[in-house]
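A closer look at the structure
Single-letter residue listing:
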Amino acid sequence: QLRLVESGGGLVQPGGSLRLSCQVSKFVLDYYNVAWIRQAPGKEREGVSCISANDGRTDYAASVKGRFTISREFAKDTVYLQMNNLKSEDTATYYCAIENTDLFCSVRANYPDWGQGTLVTVSS
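Now for a look at the structure at hand. Worth saying up front: this structure is predicted, and the values here are computed from it rather than measured. (Residues numbered from 1 in each chain as written. Predicted model: local features only at pLDDT ≥ 70, side-chain atom pairs only at ≥ 80, totals over all residues. Heavy atoms only, no water.)

1. Quick look at the pairing of strand β9 (residues 92–100)
Selection criterion: When a residue's accessible area, from a 1.4 Å probe over protein chains only, is under 20% of the maximum for its type it is buried; when over 50% it is exposed; and in between it is partly exposed. Helix and strand assignments follow DSSP, with helices taken as H or I runs no shorter than four residues and strands as E runs no shorter than two, numbered in order from the N terminus. Any two strands with at least two DSSP-identified bridges between them are counted as paired.
Taken across its nine residues, β9 has seven buried, putting it largely inside the fold. Of the strand pairs in this sheet, strand β4 (residues 32–39) and β9 are connected by eight bridges, and their pairing is antiparallel. Within β9, the residue paired with Arg38 across the bridge is Tyr94. Relative to strand β11 (residues 118–122), β9 runs antiparallel, the two sharing three bridges. Paired with Tyr94 across the strands is Thr118, a residue of β11. The sheet contact formed by β9 and strand β10 (residues 113–114) spans two bridges and is antiparallel. Bridge assignment links Ile98 to a residue of β10, and that residue is Asp113.

2. Describing the pairing of β11
Burial of β11 is one-sided: the residues Thr118, Val120 and Val122 facing one way are buried, the residues Leu119 and Thr121 facing the other way are not. In this sheet, β11 lies alongside strand β2 (residues 10–12) in parallel orientation, the contact comprising three bridges. From the neighbouring strand, Leu11 faces β11, where its bridge partner is Thr121.

3. What about the environment of Pro14?
Checked against the element boundaries, Pro14 lands in the loop between β2 and β3 (18–24). We classify Pro14 as partly exposed; its relative accessible area is 45%.

4. Focus: the side chain of Thr101
Operational definition: Contacts described as polar in this section are N or O atom pairs within 3.5 Å, which, within protein, must combine one atom able to donate a hydrogen with one able to accept it, while residues neighboring in sequence count only if both atoms come from side chains. Between two residues, a contact is recorded if the distance between any of their heavy atoms is within 4.5 Å.
With respect to the helices and strands, Thr101 occurs in the loop between β9 and β10. There is a polar contact of 3.0 Å between the side chain of Thr101 and the backbone nitrogen of Leu103. Excluding residues that lie within four positions of it along the chain, Thr101 makes contacts with Tyr31 and Asn33.

5. Some remarks on the nonpolar core
Cut-off, in case you're wondering: Side-chain atoms within 4.5 Å are what join buried Ala, Val, Leu, Ile, Met, Phe, Trp, Tyr and Cys residues into a set we call a nonpolar core.
Core analysis: the largest hydrophobic core is formed by 29 residues, its most contacted members being Trp36, Phe68, Val79, Leu81, Met83 and Tyr94. At the level of secondary structure, the elements contributing two or more residues to this core comprise β3, α1 (28–31), β4, β5 (46–51), β7 (68–73), β8 (78–83), β9 and β11. With seven residues, the next largest nonpolar core counts Ala35, Ile37, Cys50 and Tyr111 among its residues.

6. Focus on the packing of aromatic side chains
Describing an aromatic ring pair means giving the distance of the ring centres and the angle of the ring planes. The criterion, for reference: Two rings from Phe, Tyr or Trp (for Trp, the six-membered ring) form a pair when their centres are within 6.5 Å of each other. A pair whose planes differ by under 30 degrees is stacked, one over 60 is edge-to-face, and the rest are tilted. By definition, being over a ring means that NZ of Lys or CZ of Arg is both within 6 Å of the ring centre and within 35 degrees of the ring normal.
Taken as a whole and judged by the stated rule, the model has one aromatic pair. Above the face of the Phe104 ring, Arg57 is positioned so that its terminal group lies 3.6 Å from the ring centre.

7. Looking at the state of the cysteines
Note: disulfide means a covalent bond formed between the sulfur atoms of two cysteine side chains. Condition: Cysteine sulfur atoms that pair up within 2.5 Å are treated as a disulfide.
Summed over all chains, the structure comprises two disulfides. Paired through a disulfide, Cys22 and Cys96 show a sulfur-sulfur distance of 2.0 Å. Sign of the S-S torsion, about -80° for the bond between Cys22 and Cys96, identifies this disulfide as left-handed. Taken together, the positions of Cys22 in strand β3 and Cys96 in strand β9 put the pair 74 residues apart, joining distant regions of the chain. Here Cys50 connects covalently by a disulfide to Cys105, the sulfurs 2.1 Å from one another.

8. As for the side chain of Arg67
On the secondary structure map, Arg67 appears in the loop between β6 (58–60) and β7. In this structure the side chain of Arg67 is engaged in a polar contact, spanning 2.8 Å, whose partner is the side chain of Asp90. Contact partners of Arg67, with chain neighbours within four places excluded, come to Gln82, Met83, Asn84, Asn85, Leu86, Lys87 and Asp90.

Purely geometric stuff here, so don't read any function into it on its own.
Here you go:
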């Protein structure tokens, strides 16, 4: 019922940039917190960033703070993740996920609904 479609992944050199997009169903941004969560083989999942439905408050994992920026565009029903100064450690499948709550978002929270993911590979 709720659409979560990620795009923008690919191969990039260390130090490069990528912009991921998550297109969501209408009104999702009004009622759901949206997060980016990544999963790499052999590693635990990591909440990377999130943006709150309430007032747009954001949260970031320490590993990406200062390098990644999450934003939303209501007119396009889309959440973006701008990733700069990428490192090999950022290599993972990145998933867009949502949580229906009025609480401010946290990258440590559980997000029940995920998209299909988009693969980001950082390598020279």
